[in-house]
Amino acid sequence: MASKGPRKPSVTRKGNKVVQDCGTCQKEVTSKDETLQCEVCMQVFHITCENVSSEIYTVLAANIASSTLHWFCNACNRGAVKLFNVMNNIQLRQEKLEKDVSELKEDFDRHKENSYEKKEVDCMIAQAIQADKRKLNVIVRNLPEQESNNAMSQGTSDENQVAGLLDELDIGNVNIAEIERLPASRDKSNGRKSPRLLKVRFKDMKSKLLVLQRARNLSKSKSPVYKNVYISPDLTYEQRQQDRKLREELRNRRGKGEKNIKIFKGSIVHTEELESDTETTKND
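I will try to describe carefully the structure that is included in this document. (Residues numbered from 1 in each chain as written. Predicted model: local features only at pLDDT ≥ 70, side-chain atom pairs only at ≥ 80, totals over all residues. Heavy atoms only, no water.)

### Describing empty space enclosed by the protein
We apply this condition: Only protein atoms enter the 1 Å grid, on which a cavity is a set of points fitting a 1.4 Å probe that cannot get out and a pocket is an open set with protein on both sides within 12 Å along at least 5 of 7 lines, lining residues being those with an atom within 4 Å of a point. Grid points are joined across faces, edges and corners, and a volume is the space filled by probe spheres set on the points. Note on conventions: DSSP H or I runs of at least 4 residues are helices, E runs of at least 2 residues are strands, and numbering of each starts at the N terminus.
Taken as a whole and judged by the stated rule, the model has 1 cavity of 30 Å³ or more. In this structure, the largest cavity spans a volume of roughly 60 Å³. Counting residues per element, the ones that place at least two in the lining of the largest cavity are β5 (137-141), α4 (151-168) and β7 (198-202). In terms of residues, the lining of the largest cavity owes the most to one element, α4, which gives 3 residues.

Spelled out as structure tokens, the structure:
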């Protein structure tokens, strides 16, 4: 069984020599060993330490380079399965979004003489385009920032802050395209200036979903720097309004004594229904 605690680094130094260690047994990996690299944590493992047979190793070694097959260590596999299920749902929603945009454009062509419908369709298309532009973004709240008038210095500081945040989340390798501080705002309750929101754009959906999945652990952080940091998807104005209404409805229903309810995929559902659907999916 894999350890639940943080692993030691897989790369160490012995004098001037860089040595790669197995992520499970921590012993040095040599060129004679049969090893596999986990695509999530990027650590290398002896196949015997991960209970991979020589037959399976032969097949994996022949196909991983061409991206035909993928391999995850035992520790990452459970989370990877959940992550890929989420990614699959995102992909389905993205395909539906593209279909909706196409249908909206067709609808516009059919009703182009009606100015009201044209305006409504244009608005919906603009919303869909905005949502698509933000699909790889997350917004980070309460992450400290350095007071600086130098843009380069500010950018370097934000990069260091994000690097520290990723370390806190125990994420070693994600593909970041851009880091940007959004316009300043003030705390309306006492006029105190708070850290500006930080927008992080990733190069791929896998990196974004991994960060969002790990972000739930920040509330349990022992560091005062990260304990009150929140990470959320970058929503459009319309999506934020819808999310606000849903959360308000959830609070009202819970206040009236309704239990075992939560927000799931844009709706308020009973947890028993989710468990039932999950069980049905497993049986199928």
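Okay, back to it.
### What to know about helix α6 (residues 237-255)
The condition that has to hold: Expected helix span is taken as 1.5 Å per residue step, with the number of steps being one fewer than the number of residues.
For α6, spanning 19 residues, the distance from its first C-alpha to its last is 27 Å, which sits close to the expected 27 Å at 1.5 Å a residue. Just downstream of α6, glycine 257 is the residue with a positive phi angle, here 100 degrees.

### Quick word on the pairing of strand β9 (residues 261-264)
Note the threshold: Strands pair, by our definition, only if DSSP identifies at least two bridges between them.
Relative to strand β10 (residues 267-270), β9 runs antiparallel, the two being bridged by 4 bridges. Bridge pairing in β10 links phenylalanine 264 to serine 267. Two successive antiparallel strands, β9 and β10, enclose a turn made up of 2 residues, where lysine 265 displays a positive phi of approximately 55 degrees.

### Digging into the sheet that holds strand β8 (residues 230-233)
Going by this rule: Note on method: axes are straight lines fitted to C-alpha atoms, helices fitted across the in-contact stretch only, with angles between N-to-C directions ranging 0 to 180 degrees. Residues count as neighbours in contact if any of their non-hydrogen atoms are within 4.5 Å of one another.
With respect to topology, 4 strands assemble into an open sheet ordered β6-β7-β5-β8, the strand pairing being antiparallel. Each end of this open sheet is capped by a strand with a single partner; those strands are β6 (176-181) and β8. Adjacent strand axes in the sheet meet at a mean angle of 20 degrees, parallel and antiparallel pairs treated alike. Where β5 meets β7, 4 bridges bridge the pair, whose relative direction is antiparallel. Residue pairing for β7: valine 140 is matched across the bridge by leucine 198. Here helix α5 (residues 205-215) sits on the sheet in contact with β5, β7 and β8, set at roughly 140 degrees to β8.

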